Amino acid sequence: MTRVLALLELLQTHPGLTGAQLSDRLGTDVRTVRRYAARLRELGIPVESDRGRFGGYRLARGYRMPPLMLTNEEALVVMLGLLAGERLGMGTTAPAGAGALAKIERVLPDPLRAPLAAMRDTLSFTTNTVLAQAPEAGVLLTLAQACRSGHTVGLRYRSWHREHTERDVDPYGVVFHSGCWYLVGHDHLRDGLRTFRIDRITSATTGAATFTAPDDFDPVTHLTASLARTPAPWQVEVLIEGPIEDIARRLPRTIVTLTATPTGVLMRAQAAQLDSVARLLASLEWPFTIHSPDQLRQSLKDLARQLTAAAERPLGDTPK
């Protein structure tokens, strides 16, 4: 659908281009251009073409796309959404965000275009731009539709060590997390719940088979729990003496799991470095007891010495 809309854009800005010229600009072949033109006609857009080897395509004389009618507030919301999506790494492999923003600005009246351009040029973010591997737009849309309709999808998937597999998956949900898109669902190949990076899905095809997702299944909860269980060198268990609701708000669900016990909240985590766990625990306001590993105690002592040294350092003394 992205290239169909790209063809419409070319017909509006460059009427009379031949099939060969359009295929070059769209990165496809002439037969596909004819199919895209037929799709536009099905959508009610009158596309005319001249017969012959050098025949060109154009919109019917007098036809104009309806104007985009947005209030000031609606236009601002759309623009901010596009800018925020780019910042969060939510884009797809096509430069769709920049193209959409350019089209919106082109059809807006001058009194509204100028302040929105000012907002775009002066807006700053406190967070860094997420540099993520963007998924294919077609794959993302296919998965979203299959989740809603309850249809099994056939995937071609590339693992992190570049192993290619084909599998059928019942898609339960699509989740965007920390710059990456994920698919959560039942994998028929492994006969169990699995999480897939969508940017590693090279193709997705909707099948005829249908499924029903488990009652009350939450893709976000499953994803964050599975990421927290990702193998790491250190297995950490700490009992925290505080209310689980408040602790859950302070600790990222992607790195810890919390279990309420009669004596407190048992925090489990897998960590690559104990220093980071020590800093995390030091930021809490509740007492805690380390169950494992013992090496975490030393990491906390080292952190305590660093903080004490900083607190006692005289003004003007340069740390070594």
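This text goes with the structure placed above it.
Residues numbered from 1 in each chain as written. Predicted model: local features only at pLDDT ≥ 70, side-chain atom pairs only at ≥ 80, totals over all residues. Heavy atoms only, no water.

Enquirer: How should the overall build of the chain be read in this particular structure?
Expert: Of regular secondary structure, the chain possesses 11 helices and 11 strands. Sequence-distant contacts in the chain: of pairs separated by 6 or more residues, those separated by 24 or more amount to 60%. (Helix = DSSP H or I, 4+ residues; strand = E, 2+ residues; numbered from the N terminus. Contact = heavy atoms within 4.5 Å.)

Enquirer: In this structure, what is going on with the pairing of strand E3 (residues 151-158)? I would like to understand it.
Expert: Along any regular strand, the residues point their side chains to alternate faces of the sheet. Sheet analysis places E3 next to strand E7 (residues 201-210), joined by 6 bridges and oriented antiparallel. Across the sheet, residue Tyr 157 finds its bridge partner in E7, namely Ile 201. Sheet analysis places E3 next to strand E4 (residues 164-177), joined by 6 bridges and oriented antiparallel. For Tyr 157, the partnering residue across the bridge sits in E4 and is Thr 165. From the end of E3 to the start of E4, which pair antiparallel, there are 5 residues, and Arg 162 there has a positive phi angle of about 65°. (Pairing = 2+ DSSP bridges.)

Enquirer: Explain the side chain of Asp 199 here, please?
Expert: Here Asp 199 shows up in the loop between strand E6 (192-197) and E7. One polar contact links Asp 199 to Arg 197, side chain to side chain, over a distance of 2.7 Å. (Polar contact = N/O pair within 3.5 Å; in protein donor to acceptor, adjacent residues only side chain to side chain.)

Enquirer: Just checking my understanding: could you explain the side chain of Thr 142 for this structure?
Expert: Residue position: Thr 142 is located in helix H7 (residues 137-149). The class for Thr 142 is buried, based on a relative accessible area of 17%. If we skip the residues at most four places from it in the chain, Thr 142 touches Ala 204 and Thr 206. (Buried < 20%, exposed > 50% of the residue type's maximum accessible area, 1.4 Å probe, protein only.)

Enquirer: Can you walk me through the sheet that holds strand E5 (residues 180-187) in this structure?
Expert: Two orientations exist for strands paired in a sheet by backbone hydrogen bonds: parallel and antiparallel. Taken in spatial order, the 5 strands of this open sheet run E6-E5-E4-E3-E7, and their pairing is antiparallel. What marks the edges here is a single partner per strand, and that holds for E6 and E7. The mean angle between the axes of side-by-side strands here comes to 45°, regardless of whether they run parallel or antiparallel. Summarising the sheet, E4 and E5 pair through 8 bridges and their orientation is antiparallel. Among the inter-strand pairings, Val 169 is bridged to a residue of E5, identified as Asp 187. (Axes fitted to C-alpha atoms, helices over the stretch in contact; angles between N-to-C directions.)

Enquirer: Looking at this structure, how should I read the nonpolar core?
Expert: Most often, soluble globular proteins have nonpolar side chains that are buried together. Grouped together as the largest cluster of nonpolar side chains are 20 residues, with contacts concentrated most on Val 236, Val 238, Ile 240, Leu 251, Met 267, Leu 281 and Leu 296. Counting residues per element, the ones that place at least two in this core are strand E8 (234-240), strand E10 (264-271), helix H10 (274-282) and helix H11 (295-312). Leu 22, Tyr 36, Ala 37 and Ile 45 belong to the second-largest nonpolar core, a separate cluster that totals 16 residues. (Core = buried A, V, L, I, M, F, W, Y, C linked by side-chain atoms within 4.5 Å.)

Enquirer: Would you mind showing me how to read the sheet that holds strand E11 (residues 288-292) here?
Expert: Spatially, 4 strands are ordered E9-E10-E8-E11 in an open sheet, and the strand pairing comes out antiparallel. Two strands close off the open sheet at either side, each with one partner strand: strand E9 (256-261) and E11. Strand-to-strand, the axes of this sheet are offset by a mean angle of 25°, without reference to chain direction. As judged from the 6 bridges shared by E9 and E10, these two strands associate in the antiparallel manner. When the sheet's bridge partners are listed, Val 256 is paired in E10 with Ala 269. Strand contacts of H10: E8, E10 and E11, with the helix running at about 15° to E8, the strand carrying the most contacts.

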